[in-house]
Amino acid sequence: MDSVIDLRGVRKSFVVPGGETVDVLDVPAFSLAAGEQCALEGQSGSGKSTLLHVISGSMRPDAGRVLIDG
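The structure reproduced in this document is the subject of the present report. (Residues numbered from 1 in each chain as written. Predicted model: local features only at pLDDT ≥ 70, side-chain atom pairs only at ≥ 80, totals over all residues. Heavy atoms only, no water.)

### Let's talk about the pattern of salt bridges
Then comes step 1: Following the criterion strictly, the structure yields three salt bridges and no others.
Then comes step 2: For K12, the salt bridge identified is with D62, shortest N-O distance 3.5 Å. Of this pair, K12 sits in strand 1 (residues 3-15) while D62 sits in the loop between helix 1 (48-56) and strand 3 (63-68), and the two are 50 residues apart along the sequence.
Then comes step 3: Sharing partners across several salt bridges, the network here consists of D6, R8 and R65. (Salt bridge = Lys/Arg side-chain N within 4 Å of Asp/Glu carboxyl O. Helix = DSSP H or I, 4+ residues; strand = E, 2+ residues; numbered from the N terminus.)

### Considering the pairing of strand 1
Then comes step 1: For strand 1 and strand 2 (residues 21-33), the ladder comprises eleven bridges, and the chain directions are antiparallel. Counted as the bridge partner of I5 is L32 from strand 2.
Then comes step 2: Between strand 1 and strand 2, which pair antiparallel and follow one another directly, the connecting turn spans five residues, one of which, G18, has a positive phi of 105°.
Then comes step 3: As judged from the five bridges shared by strand 1 and strand 3, these two strands associate in the antiparallel manner. Residue R8 lies in a different strand from strand 3, and its bridge partner there is R65. (Pairing = 2+ DSSP bridges.)

### Comments concerning the environment of G47
Then comes step 1: Structurally, G47 can be placed in the loop between strand 2 and helix 1.
Then comes step 2: A relative accessible area of 8% places G47 in the buried class.
Then comes step 3: With 23 residues separating them in the primary sequence, G47 and V24 have C-alpha atoms 5.4 Å apart.
Then comes step 4: Other than its neighbours up to four places away in sequence, G47 contacts V24 and L25. (Buried < 20%, exposed > 50% of the residue type's maximum accessible area, 1.4 Å probe, protein only. Contact = heavy atoms within 4.5 Å.)

### Details of the sheet that holds strand 1
Then comes step 1: The strand order across the open sheet formed by three strands is 2-1-3, and the pairing between neighbours is antiparallel. In this open sheet, the two strands that pair with only one neighbour each are strand 2 and strand 3. When strand polarity is set aside, the average angle formed by the axes of neighbouring strands in this sheet is 20°.
Then comes step 2: Where helix 1 meets the sheet, its contacts fall on strand 1, strand 2 and strand 3, and the angle it forms with strand 1 comes to roughly 125°. (Axes fitted to C-alpha atoms, helices over the stretch in contact; angles between N-to-C directions.)

Below is the structure:
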């Protein structure tokens, strides 16, 4: 099956009050083929929503590539 979602080297960080940089995402590789399903689990603040925003295109990653449908 061809990948519908393909992430390679995706990283995202945020600067929090006080100037500290917090790394939220570090995804070396992730693919999801047509018809496949997955579940996102993790503690609050672990980057689940950030990952979905990056995949949807509403947020740009700091590095890496996100391909949707090739």
